[in-house]
Amino acid sequence: MNEQKGKKEQVAVVPASSLAEMGEALAAHVGRYFVEGLHGADNTRLAYSADLRSFEAYCEVNGLTPYPADGATLAAYIAHLADLPRKLATIRRHLSAIQKKHELHGHPSAVGSKPVETVLRGIGRVVGKRQKQAPAFTVEALKQAIRGLDLTTPVGLRDRAILLLGFAGAFRRSELVALNVEALEYKNGALVLHLDKSKTNQQGETEDKAVFYAPTPLFCPIRACEEWLAVLGRTSGPLFVSMVRGKPGQPGRPGTRRLTDGRLNSVVKAHLGDQYSAHSLRASFITVAVLNGQSNNFIKNQTKQKTDEMISRYTRLTDVIAYNAAQALGL
């Protein structure tokens, strides 16, 4: 006889002492997806690893138990981080890493407990919630930096492509260094760049960014890419690479090693100034787009941000005289 319509199906629950043991018990072809699901972006994974080493070292020095850690241990640890000092965002990341480690090994977690949350609120009041953000540059400052490049050398052509593509594409640092030559496609008068994965897209669904021709060839991101690709001389592999030193009196030539995050930062600082970083390329795109009256939807279509709140957070309009609606009151 059929079961009564609407009756909920009973699902058997297989107990597991920890997520780690469950992952080991799964078949290989299932287990690799399971493990991947426990982790985030590569940069986040590296940060978490360093955070856990810091926490474990703190516990060892102070004779505390790291796993499972009680609320008092975690409260003392984040107070220690605040005194170093560390930013509130960094402290929260440490707690996220500790939380994930507890979940992975099936330990109860005190990360969200009242003592920890209370201390965290206190740290927020003392340290402040405002993060130090990469400053934005102006379009004219970018053009001035481009004018100063030696475009008769491969490194000059590479750096121009990095600056113009990074800015026009609103790239995160990790996205820019991960770009491959085969990810570039010319389509409908634009250069479309296909991203397999990004900070906000961990599911492997391809996201696209588009850059367009600029009227002045020197400042055109597409022409800059084309000239760099001509020097690179291949149709696959990393787009931005480190340079191999040339013979005495000769310029360096493109190598095969993908440019690192740190080196990308150095390129931006070298041409725009020490106060800037690779993240300034993205921050500047958002700021300039807002000042030019672009809608949040248009901006998010390039940045791949999910909320309008993130647009506001990234916009660098801190100059109370230069950026103030009081100038347009019509008095």
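Worth saying up front: this structure is predicted, and the values here are computed from it rather than measured.

Further remarks concern the confidence of the model for the protein. It should be kept in mind that the predicted coordinates are not to be read in detail where pLDDT is low. On average, residues of the protein score 84 in pLDDT, and 82% of them reach the 70 mark or higher. Counting interchain partners and residues more than four positions distant, the pLDDT-below-50 stretch residues 1-17 has three contacts.

For an α-helix the count is 3.6 residues per turn, leaving residues at separations of three or four pointing the same way. Buried within helix α7 (residues 139-147) are the following residues: L142, A145 and I146. The buried residues of α7 occupy one face: seen down the axis, they fall within an arc of 100 degrees. Of the surrounding secondary structure, the elements contacted by the buried residues of α7 are α8 (154-168) and α11 (261-272).

Moving on to the environment of I98. Following the sequence through the fold, I98 ends up in helix α5 (residues 88-104). Put simply, I98 and L74 are 24 residues apart on the chain and 9.2 Å apart in space, counted from C-alpha to C-alpha. If sequence neighbours within four positions are ignored, I98 has contacts with L52, F55, L74, Y77 and V111.

What follows deals with the pattern of salt bridges. The tally for this structure, following the rule as stated, stands at nine salt bridges. Two residues, D51 and R93, come together in a salt bridge whose shortest N-O distance is 2.7 Å. Here the residue D51 occupies a position in helix α3 (residues 42-61), and R93 occupies one in helix α5, the gap between them amounting to 42 residues. Residue R93 is classed as partly exposed on the basis of its relative accessible area, which comes to 32%. Between D159 and R158 there is a salt bridge whose closest N-O contact spans 3.0 Å. Its relative accessible area of 6% is what places D159 among the buried residues.

Rules behind the numbers
- Residues numbered from 1 in each chain as written.
- Predicted model: local features only at pLDDT ≥ 70, side-chain atom pairs only at ≥ 80, totals over all residues.
- Heavy atoms only, no water.
- pLDDT = per-residue confidence, 0-100.
- Contact = heavy atoms within 4.5 Å.
- Buried < 20%, exposed > 50% of the residue type's maximum accessible area, 1.4 Å probe, protein only.
- Helix = DSSP H or I, 4+ residues; strand = E, 2+ residues; numbered from the N terminus.
- Arc of directions from axis to C-beta.
- Salt bridge = Lys/Arg side-chain N within 4 Å of Asp/Glu carboxyl O.

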